[in-house]
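Remarks on the overall topology
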Amino acid sequence: MGNTGNGTGKRVTAIDCLRGLSMFFMIFGAAIWWYSGLPGWMFHCQVPPPDYAFHPEVRGITYMDLVFPFFLFSMGAAFPFALRKRLERGESHSSVVRGLLRRWVTLVMFSLLLGNTGLMQGWDGPDVVKGIFAVAVWGGFFLSLWRTDRQWVSRVGYLLLLGALCFEKFYCRLPLDVHNTDVIIMILAWVALGGGLIWLVTKDNLRIRGLILLVIVAVRAVCAYTDALDFLTVPDCIGWLFNWGFLQYLIIAIPASIIGDLIARSGESVCNAGTKNRQKAVLAITAFAAVAIQPWLLYTRNVVSDICLTVAFLILYGAIVVNSFLDRKKAGPASAVCIADIIAAGGFILTLAGLGFDFIDGGIAKDFCNLSYLFTTCGMAALVMVFFLHLESLGWKSLFLADCGQNPMIAYTICWYVISPLLYGIGLLGLLDSLCPDSPFWAIVRGLVVTGAMCAATAFFTRKKIFWRS
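Residues numbered from 1 in each chain as written. Predicted model: local features only at pLDDT ≥ 70, side-chain atom pairs only at ≥ 80, totals over all residues. Heavy atoms only, no water.

Some details on the overall build of the protein
Within the protein, the secondary structure is distributed over 16 helices and zero strands. A compact globule built from 470 residues would reach a C-alpha radius of gyration of about 23 Å, and the protein, at 23 Å, matches this within 12%. Referenced to the eigenvectors of the C-alpha coordinate spread, the extents of the protein come out at roughly 75 × 55 × 50 Å. Expressed as a percentage of the 470 residues in the protein, the buried residues total 54%. In the protein, the proportion of contacts linking residues at least 24 apart, taken out of those at least 6 apart, comes to 77%. Put simply, the protein shows about 20,700 Å² of open surface, and 68% of that area lies on carbon and sulfur atoms. (Helix = DSSP H or I, 4+ residues; strand = E, 2+ residues; numbered from the N terminus. Rg over C-alpha atoms; globule rule 2.2 N^0.38 Å. Buried < 20%, exposed > 50% of the residue type's maximum accessible area, 1.4 Å probe, protein only. Contact = heavy atoms within 4.5 Å. Areas by Shrake-Rupley, 256 points an atom, 1.4 Å probe, with all protein chains shown as cover.)

Describing a nonpolar patch on the surface
A cluster of nonpolar side chains, namely Ile 426, Leu 428, Leu 431, Leu 435, Phe 441 and Trp 442, defines an oily patch on the protein surface of about 580 Å² accessible area. Taken together, the elements giving at least two residues each to the nonpolar patch come down to α15 (428-435) and α16 (440-463). By residue number, the principal contributor to the nonpolar patch is α15, which donates three residues. Topologically, Ile 426 is positioned in the loop between α14 (408-425) and α15. Since its relative accessible area comes to 66%, Ile 426 is described here as exposed. (Patch = residues over 30% accessible without salt bridge, like charges linked within 9 Å, V, L, I, M, F, W, Y side chains within 5 Å. Salt bridge = Lys/Arg side-chain N within 4 Å of Asp/Glu carboxyl O.)

Quick notes on the side chain of Thr 310
With respect to the helices and strands, the residue Thr 310 is situated in helix α10 (residues 303-331). According to the relative accessible area criterion, Thr 310 is buried, its value standing at 1%. In this structure, Thr 310 is in contact with Ile 293, Gln 294, Phe 348, Thr 351, Leu 352 and Leu 355, ignoring residues within four places of it in sequence.

Here we look at the confidence of the model for the protein
Interpretation of the predicted coordinates at a detailed level should be avoided for regions scoring low in pLDDT. Taken over all residues, the pLDDT of the protein has a mean of 92, while the share at 70 or more is 95%. The weakest mean pLDDT in the protein belongs to helix α13 (residues 399-406) at 88; the strongest belongs to helix α6 (residues 183-201) at 97. (pLDDT = per-residue confidence, 0-100.)

Side note on the side chain of Arg 86
Mapped onto the secondary structure, Arg 86 falls in helix α2 (residues 67-88). In contact with Arg 86, not counting residues within four places along its chain, are Glu 91, Ser 95, Val 96, Gly 99 and Arg 102.

Overview of the packing of aromatic side chains
Counted by the stated rule, this structure contains 31 aromatic pairs. When the ring of Phe 460 is compared with that of Phe 461, the centres are 5.5 Å apart and the planes differ by 75 degrees; the resulting orientation is edge-to-face. Taken together, the aromatic side chains of Phe 110, Trp 138, Phe 141, Phe 142, Trp 146, Tyr 417, Phe 460, Phe 461 and Trp 468 make up a single cluster linked through ring pairs. (Phe/Tyr/Trp six-rings, centres within 6.5 Å; stacked < 30°, edge-to-face > 60°.)

Structural data, given as structure tokens:
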């Protein structure tokens, strides 16, 4: 779901920036060195130092726990742009459905290939062979997913991937299996399919889409707080492909699709042109600050303080909007509240709802995901998008983040399949690895080097108009 152009043909940079921001922190959080003395809030809340093992009983979130919901939100916000554009080109609804199914198949296969080719990390063979294998696999991904009309390119990519799997199975003797999947991509596959179909059915009626959202929330609540639906178990034979838990993430994608529709229908007037630049800047800072406090206060479990500060930021944001309206009214007929401010209101409401569920759920948690996490992170993503929308209206665009956001699958894979092997090959990562133990400074430097290289490589492909089907 990469197409985020509005009705005027221009891209909505805020959606690309949000997606790019999630990719930046995803790679950075994975590239910093463990066992270096970095504090727990630099990692997933439930995988803390010193053992970095999964602790499901831990409650709270860190900035790393925002990566996936922010990406899901950007995916949902892109539904109206990607799918409506196809309808406007004259494609039938059945054609769009077939396109959604093709994307689902592509993502499922991508998940399987990532899961199985990733087994090479545990192989005890020479590092140089692992590096060549990784680059070859990425070459297969690149050629098979490249959006090009030359069919032979994708066929060569398929052969490369087939050869890589054969090498793993028959030379490395690694146990290839359908249960070896990349669960993140598998969830994205189902959210892309389910969210796309829901958008198609409700494209002209946001009320019905909202009702569908409420039904999904109700079902999720029943599953969380009762055992009434425990009989709906998934057979083990398809457990690798589908889990009912995958669909709970529609609670993030559906509100995002509503916001995407609001932006698409607004044309150029996402932010009120009559609002003073100073007021827009303060609105942007307020929206961002309301998000910035969440990880720390939820990580330290100061939930009541978090609610009070969030309400204070909501009041401040509203006061600035009212003041801007009064200023415009003095100058002449005042225009209505802009779309960005409506999105901000929704973001604050969702965030506060999630903070309320924190008490019901016994604390916010990413894994196993609860309603507090889904609502809070969805609201935070909406507020970050408001931040980028206001910056965009001021003429500031983070093109570097936007470039990464336009090519998310390249950004997701190029780091581990290409950049890391190459940096190890020239000795740079090996040097950094030797400096990182017990050194927070060098651990962060390592993360910035790898993440910076990922951003630069992804931006290169974006600016060369080379995109993957995803």
